[in-house]
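Coordinates in review
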Amino acid sequence: MPATDTGLQLALELLGVFAFALSGGLVAVRRGLDLVGVVVLAWVAGLGGGIIRDVLIGDVPPVGISDWRLVAVAVAAGLLTFTAHGRVRVVAARTRGLRLGLVTRTVQALDAVGLAVFCVGGSVKALSLGVAPLPAVVVGVITAVGGGLLRDLLAGQVPEVLRRELYAVPALLGATGVVTAHAVGALTDLVLAGSVILVFVIRIVAVGLGLNAPTRLRTGEH
Amino acid sequence: MPATDTGLQLALELLGVFAFALSGGLVAVRRGLDLVGVVVLAWVAGLGGGIIRDVLIGDVPPVGISDWRLVAVAVAAGLLTFTAHGRVRVVAARTRGLRLGLVTRTVQALDAVGLAVFCVGGSVKALSLGVAPLPAVVVGVITAVGGGLLRDLLAGQVPEVLRRELYAVPALLGATGVVTAHAVGALTDLVLAGSVILVFVIRIVAVGLGLNAPTRLRTGEH
Amino acid sequence: MPATDTGLQLALELLGVFAFALSGGLVAVRRGLDLVGVVVLAWVAGLGGGIIRDVLIGDVPPVGISDWRLVAVAVAAGLLTFTAHGRVRVVAARTRGLRLGLVTRTVQALDAVGLAVFCVGGSVKALSLGVAPLPAVVVGVITAVGGGLLRDLLAGQVPEVLRRELYAVPALLGATGVVTAHAVGALTDLVLAGSVILVFVIRIVAVGLGLNAPTRLRTGEH
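What you are looking at is a predicted structure, and each value in this text was computed from that prediction instead of being measured.

Right, let's get into the overall build of chain A. When helices and strands are counted, chain A shows nine helices and zero strands. Within chain A, counting contacts between residues at least 6 apart in sequence, those at least 24 apart form 74% of the total. Just so you have it, chain A exposes about 9,300 Å², and 68% of that area is on carbon and sulfur atoms.

Here we take up the relation of the copies chain B and chain A. For the pair chain B and chain A, the superposition axis carries a translation of 0.0 Å, the fit reaches an RMSD of 0.0 Å, and the rotation angle comes to 120 degrees. Put plainly, the chains are arranged around a three-fold axis. Taken together, the interface assignments show that only 7% of the residues at the interface of chain B recur at the interface of chain A, consistent with different surfaces on the two copies.

This next bit is on the environment of A:Gly210. Relative to the elements of secondary structure, A:Gly210 occurs in the segment after helix H9 (189–209). Sequence-wise, A:Gly210 and A:Leu166 are 44 residues apart; in three dimensions their C-alpha atoms are separated by 8.7 Å.

Now for the relation of the copies chain C and chain B. The two copies are related by a screw operation: chain C maps onto chain B through 120 degrees of rotation and 0.0 Å of translation along the axis, at an RMSD of 0.0 Å. In this assembly, only 7% of the residues forming the interface of chain C have copies in chain B that are likewise at the interface, indicating a heterologous arrangement.

Moving on to the interface of chain B and chain A. Opposite the 28 residues of chain B that make contact, chain A presents 30 residues. Taken together, chain B and chain A are joined by zero salt bridges. Our count for the contact surface shared by chain B and chain A stands at zero residue pairs in polar contact (both at pLDDT 80 or more). Only helix H2 (35–56), helix H6 (133–154), helix H7 (160–163) and helix H8 (168–183) of chain B provide two or more residues apiece to the side of chain B that touches chain A. The element that contributes the greatest number of residues to the side of chain B that touches chain A is H6(B), accounting for seven residues. Each residue belonging to the side of chain B that touches chain A can be placed in one class, and the counts come to 20 nonpolar, three polar and five charged.

Nonpolar side chains in soluble globular proteins tend to be buried together. Among the nonpolar cores identified, the biggest contains 191 residues, and A:Trp43, B:Trp43 and C:Trp43 are the most heavily contacted of them. Ignoring any residue separated from it by four or fewer positions in sequence, one finds A:Trp43 in contact with A:Gly48, A:Ile51, A:Gly64, A:Ile65, A:Ala74, B:Val138 and B:Ile142.

Turning next to the interface of chain C and chain B. Taken together, the contact pairs 28 residues of chain C with 30 residues of chain B. A buried area of about 2,300 Å², summed over both sides, lies between chain C and chain B, and 72% of it is on carbon and sulfur atoms. Here chain C and chain B share zero residue pairs in polar contact (both at pLDDT 80 or more) between them. When contributions to the side of chain C that touches chain B are tallied by element, the ones reaching two or more residues are helix H2 (35–56), helix H6 (133–154), helix H7 (160–163) and helix H8 (168–183) of chain C. Among the elements that make up the side of chain C that touches chain B, the one with the highest residue count is H6(C) (seven residues).

Our focus in this paragraph is H8(C). Residue and element names in this part refer to chain C. Helix length check: H8 (16 residues) gives 22 Å between terminal C-alpha atoms against 22 Å at 1.5 Å per residue, within 8%. Taken as a whole, H8 has its buried residues at Ala168, Pro170, Ala171, Gly174, Ala175, Val178, Val179 and Ala181. In the stretch just after H8, glycine 185 is the one whose phi turns positive, near 70 degrees.

Let us now look at the environment of B:Gly114. Considering the arrangement of structural elements, one finds B:Gly114 in helix H5 (residues 98–128). Setting aside residues up to four positions removed in sequence, B:Gly114 forms contacts with B:Gly16 and B:Phe20.

Let us now look at the side chain of C:Arg151. Residue and element names in this part refer to chain C. One can find arginine 151 in helix H6. For arginine 151, a relative accessible area of 8% gives the class buried. In this view, arginine 151 contacts Ser23, Gly24, Val27, Leu41, Val44, Ala45 and Glu160; residues no more than four positions away in its chain are not counted.

Next up on the list: the packing of aromatic side chains. All names here are of chain A. In the structure shown here, the tally under the stated rule is three aromatic pairs over all chains. Their ring planes at 80 degrees and their centres at 5.1 Å tell us that phenylalanine 20 and phenylalanine 118 sit as a pair that is edge-to-face. Of this pair, phenylalanine 20 sits in helix H1 (residues 7–30) while phenylalanine 118 sits in helix H5 (residues 98–128), placing them 98 residues apart in sequence. The buried category is assigned to phenylalanine 20, whose relative accessible area is 5%.

Take the pattern of salt bridges next. All chains considered together, the criterion is met by 15 salt bridges over all chains. Its salt-bridge partner being B:Arg69, residue B:Asp67 comes within 3.0 Å of it at the nearest N-O pair. The partner of C:Arg151 in a salt bridge is C:Asp152, and the shortest N-O contact between them spans 2.9 Å. Pair check on accessibility: C:Arg151 and C:Asp152 agree, each one buried. One salt-bridge network, in which partners are shared between bridges, spans A:Arg53, A:Asp54, A:Asp59 and A:Lys125.

Turning our attention to the confidence of the model for chain A. Mean pLDDT over chain A works out to 86, with 86% of the residues at or above the 70 mark. At the level of chain-chain contacts, confidence expressed as ipTM amounts to 0.89, with global pTM at 0.91.

Here the focus is unusual backbone geometry. A cis amide bond, omega -10 degrees, links B:Val60 with the succeeding residue B:Pro61. Along the chain, the position of B:Pro61 falls in the loop between H2 and helix H3 (63–66).

Rules used in this analysis
- Residues numbered from 1 in each chain as written.
- Chains lettered and ligands numbered in written order.
- Predicted model: local features only at pLDDT ≥ 70, side-chain atom pairs only at ≥ 80, totals over all residues.
- Heavy atoms only, no water.
- Helix = DSSP H or I, 4+ residues; strand = E, 2+ residues; numbered from the N terminus.
- Contact = heavy atoms within 4.5 Å.
- Areas by Shrake-Rupley, 256 points an atom, 1.4 Å probe, with all protein chains shown as cover.
- Least-squares fit on C-alpha atoms with pLDDT ≥ 70 in both.
- Salt bridge = Lys/Arg side-chain N within 4 Å of Asp/Glu carboxyl O.
- Polar contact = N/O pair within 3.5 Å; in protein donor to acceptor, adjacent residues only side chain to side chain.
- Nonpolar A, V, L, I, M, F, W, Y, C, P; charged D, E, K, R; others polar.
- Core = buried A, V, L, I, M, F, W, Y, C linked by side-chain atoms within 4.5 Å.
- Buried < 20%, exposed > 50% of the residue type's maximum accessible area, 1.4 Å probe, protein only.
- Buried area = accessible area lost by both parts, 1.4 Å probe.
- Expected span 1.5 Å × (residues − 1).
- Phe/Tyr/Trp six-rings, centres within 6.5 Å; stacked < 30°, edge-to-face > 60°.
- pLDDT = per-residue confidence, 0-100.

Structure representation (structure tokens):
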């Protein structure tokens, strides 16, 4: 979603939308939603963050409803989830979880790509429209976490970003890095790429180590 | 919500708002919400779709908070639901479901009117503000399903549009029809009226036949 | 949120944000959310109403993501809730509920301040941007109740404003008073202050007397 759509940026962004949309489709299938529900949740998860971003910075209509490439990728992810889900389950059962584990890890990796691309791209887009540093950071984070948040709201579950694993923190770091670099006049393509990679790595490490943000609730306390 | 508010268009739109607002009031009463909650849910269900539409296309403040006729109709539907609900139950009990069935069918018919008017009107409004074809279709669908979606979110239930009956599909057909007609320069009053009637009929048939979009979930699979 | 930020207005508004943000933090801690979740819910509860207001009247990016004073106060309230919650529980247990009662009453009083400041300030901001009377009233109410509503949505509970105590009504009175005064050219600082105090008093009395809006649901009826 950066202002200058180079081929790599576009490819990364489409990958991010695809990954997030898959997560939406999976949640929908698990909830027993029909085809319409699966496609809608895929669209919401893949493009909802960018839609909130565009509404907040006044760039309407949002690209999440107007850019056919983004919409097509999100809808395709929904259709794919709907079609492939039963098959994945069967294969996974036959191979004793081996391939399901592979699917899960693939989705987690894609999701980390989406998180990284969206927080960096969201901040860059905000900055390119003249938004000030603080809101540019917030907009970056919202771009990254907003889709999953809307997905969970519509599916009737407390948003994962609020209760599971370090998810918003890498996005906050990435967005802050981009905005800081911009403030000191050092927002080069190299810095952008570095920020995306950094967020991706932090997120993957957090998932791998099972890191969570601290919580107040202890068993039996509440 | 078309740009040219003829008397018939306005009447249809008010009817649609009224029908959707009734659905919001009914959900609120069944949930045991107080008078404020019933009126708020009626307003959200009746006007929420149009409010999202106007935010997405940048026409703020949205007519759903600024046009007193729309607001008055939605609030009136809320007050009516709140006042009449007990009576309807009593009458229905006395007449062995006969009149409640009549009420249900009336609400379903009104709801189909709302769906038809909103998807067509939403697309027309977007087109009249210079929005491109794809986002005009999406905005039309969101106008039609957004109110019910917000209603269900606030009432704490998974949105009906995601899990029940073919609801979004007729709206998608209607919006696509309008945008296609506009693209080929054939968006006459006749085409508009035909689109509204088509969506209405498809929806009524879907309800009557109990048609649903396909779902992946089988009993015992999950 | 009035256009003319005098020191008193700013102080009141920060107090309102702080109170609402505390409520968000408390809901999050009770739900067992982690540090990120607590801060996010504090931010949403404290600033969400103003963010919806700014989106509805087209003043983007909203101050809830761009004014560092507001963001800092909301985040601080979240951190405070997260840090102090365990301690408050222990102290409360030791003193047989005495101090917890004090905390609850303090939060309720702060919340009433927020409600009063936000409905008045929201309407004033809308009027100052040339918004018409009806939407200015609606925007004032949404400013006051929107944060709590989003907080409850994210926490997975039916919004309190829909089901508990007279909450929206004092906000409606306050916003209507401000807009009426503006319409007759009598919107002085005195009227503003009086409106804030009036809403505060009505809300406190409603809480004190346990007043609720009427409801249709009787035990056993449903």
